[in-house]
Amino acid sequence: MYNKRIMLKFYRNGLRGEEITEMIEITYISNAGILIQYEKVRILVDALQDSGGYPFSGIPEEITDQMFCSDNHSMYNDIDFLVFTHNHPDHITPDLVEKYLKFNKVKRIIWPEETNPIFEPLNAWIKENGIRTWNIKMERGKLHEYKLTEDIKLYSLCTKHMKQIFPKDLCNCLMISIKDKNVLILSDCNPEEEELLKIFAQVHVDIVFINPYFYYDTGGRQMLERYIQPEKVGIYHIPFAKDDQMCIRTLAHQMLKKIIYSQGEVFLLEESGENIRI
């Protein structure tokens, strides 16, 4: 099921390296979008999206104003790596990706292979302009390793998407390893994928990002307790109040009151600009 060569290296290294001397800063943008910064390296994950008509939240205007301005030098400009877990419209919007690339320089895009015709103009533009990409082959159980810098590696593991919507689709969960710190991003991965996700029992997870339905699911919580055991659990993919047609914010707050995670801290990411340091 797994790519055995990478899996053995994954276990052997344990995603541990030299003791980290500087903090990793993670900034919440909207929906499942986060910005990860370590020293001078910045990684933008699932952030260039407009929600695609779904009842979630796109990028706030005050951030797009910074992103789409070539004279700006904010933390959102000239990102080193653009990363996407899967190609649903609340995680990636092709027009926004192209617009970002017209105003900014990036070292590489890491994203799923895409055959959907809606991505054809973007793929053609990227090829024409020589933008470098690593295309993740979407096969359930596939584990891939990408070396971003000497200190940073990214691992992607392909699982089933959450069954509430798009049950036949796939989604990549990501482990970003920065020296001895590990950031796990479960995006919309299905909590029933225990046989795949328990691979992360072999490493120390400093923080995991999950959506509210993963935490609400009994199997999802058991996976956190038994296998992943992160120090911190960040629940994201929560709409802003103005966009919350499904009362996800209410559900998330109720969960925090009723459900106890014994291994560490659990918190909600609800507003753009919230910061975590590990």
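Residues numbered from 1 in each chain as written. Predicted model: local features only at pLDDT ≥ 70, side-chain atom pairs only at ≥ 80, totals over all residues. Heavy atoms only, no water.

Asker: How would you sum up the overall build of the protein? Please name residues and give values.
Answerer: Counting secondary structure elements, the protein contains eight helices and 14 strands. Structurally, the protein occupies a C-alpha span of about 45 × 45 × 40 Å along its principal axes. Across the 278 residues of the protein, 55% fall into the buried class. Considering only residue pairs separated by 6 or more positions, the protein has 67% of its internal contacts joining residues 24 or more positions apart. Within the structure as shown, the protein displays about 12,700 Å² of accessible surface, and the carbon and sulfur contribution to it stands at 46%. Of the side-chain charges in the protein, 33 are positive and 41 negative, and the distance between the mean point of each set is 6 Å. (Helix = DSSP H or I, 4+ residues; strand = E, 2+ residues; numbered from the N terminus. Buried < 20%, exposed > 50% of the residue type's maximum accessible area, 1.4 Å probe, protein only. Contact = heavy atoms within 4.5 Å. Areas by Shrake-Rupley, 256 points an atom, 1.4 Å probe, with all protein chains shown as cover. Lys, Arg positive; Asp, Glu negative; His and termini not counted. Charge placed at Lys NZ, Arg CZ, Asp CG, Glu CD.)

Asker: So what's going on with the pairing of strand 12 (residues 232-235)? Residues and values would help.
Answerer: Pairing of strand 11 (residues 207-210) with strand 12 involves four bridges; the strand directions are parallel. The residue bridging I207 from the neighbouring strand is K232, located in strand 12. In this sheet, strand 13 (residues 265-268) lies alongside strand 12 in parallel orientation, the contact comprising four bridges. Within the sheet, the bridge partner assigned to G234 lies in strand 13 and is F267. Between the parallel elements strand 12 and strand 13, the chain passes through helix 8 (residues 248-258) in a crossover that is right-handed. (Pairing = 2+ DSSP bridges. Right-handed = clockwise from strand over helix to strand, strands pointing away.)

Asker: Which residues make up the packing of aromatic side chains, and what values go with them?
Answerer: The geometry of an aromatic ring pair comes down to the distance between the two centres and the angle between the two planes. Taken as a whole and judged by the stated rule, the model has six aromatic pairs. On the numbers, 6.0 Å between centres and 70° between planes, the contact of Y54 with F166 is edge-to-face. You can see Y54 sitting in the loop between strand 3 (41-45) and helix 2 (61-67) and its partner F166 sitting in the loop between strand 8 (152-160) and strand 9 (170-178), a full 112 residues away along the chain. For F166, a relative accessible area of 28% translates into the label partly exposed. With a centroid separation of 6.5 Å and an interplanar angle of 80°, the aromatic rings of W111 and F119 are classed as edge-to-face. F119 carries the same exposure label as W111, and that label is buried. (Phe/Tyr/Trp six-rings, centres within 6.5 Å; stacked < 30°, edge-to-face > 60°.)

Asker: Can you lay out the nonpolar core for me, pointing to particular residues and giving the numbers?
Answerer: Judged by nonpolar contacts, the single largest core of 34 residues is most densely connected at L186, F200, I210 and L224. Sorting the residues of this core by element identifies strand 8, strand 9, helix 5 (194-197), strand 11, helix 6 (212-216), helix 7 (218-228), strand 12 and helix 8 as the ones contributing at least two each. Among the elements that make up this core, the one with the highest residue count is helix 8 (four residues). Once residues lying within four places of it in the same chain are set aside, the contact partners of L224 are V208, I210, F214, Y215, Q229, P230, V233 and Y261. I43, V45, I185 and I276 belong to the second-largest nonpolar core, a separate cluster that totals 31 residues. (Core = buried A, V, L, I, M, F, W, Y, C linked by side-chain atoms within 4.5 Å.)

Asker: Describe the state of the cysteines, with residues and values.
Answerer: Tallied over the full model, the rule gives zero disulfides. The closest cysteine sulfur to the non-disulfide-bonded C189 is located on C171, 3.8 Å from its own sulfur. A relative accessible area of 0% places C189 in the buried class. (Disulfide = S-S within 2.5 Å.)

Asker: Quick one: what's the story with unusual backbone geometry, residue by residue and with numbers?
Answerer: Unusually for a residue other than glycine, E39 sits at a positive phi of about 50°. One can find E39 in the loop between strand 2 (33-38) and strand 3. Residue Q229 is not a glycine yet carries a positive backbone phi of 45°. For Q229, a relative accessible area of 37% corresponds to the partly exposed category.

Asker: Could you give an account of the sheet that holds strand 2, naming the residues involved and the relevant values?
Answerer: Here seven strands make up an open sheet; going across it, the order is 6-5-4-3-2-1-14 and the pairing mixed. Pairing within the sheet leaves two strands with one partner each, and these edge strands are strand 6 (133-136) and strand 14 (275-277). With direction set aside, neighbouring strand axes in the sheet form an average angle of 15°. Where strand 2 meets strand 3, five bridges bridge the pair, whose relative direction is antiparallel. Within the sheet, the bridge partner assigned to I34 lies in strand 3 and is V45. (Axes fitted to C-alpha atoms, helices over the stretch in contact; angles between N-to-C directions.)

Asker: I'd like a rundown of helix 8, residues and numbers included.
Answerer: Of the residues making up helix 8, those classed as buried are I248, R249, L251, A252 and M255. Buried residues in helix 8, looked at end-on, bunch into an arc of 160°, giving them a common side. Exposed side chains of helix 8 directed beyond 90 degrees from the buried face belong to K257 and K258. On the buried face of helix 8, the contacting elements are helix 6, strand 12 and strand 13. (Arc of directions from axis to C-beta.)

Asker: Talk me through helix 4 (residues 120-128); I want residue IDs and the actual numbers.
Answerer: Considered for burial, the residues of helix 4 that qualify are L122, W125 and I126. In a view along the axis of helix 4, the buried residues occupy a sector of 100°, so they form one face of it. Facing away from the buried surface of helix 4 by more than 90 degrees, the exposed residues are E120, K127 and E128. As for helix 4, its buried residues are in contact with helix 3 (94-103), strand 5 (108-112) and strand 6. Taken from the residues just after helix 4, G130 is the one with a positive phi, measuring 70°.

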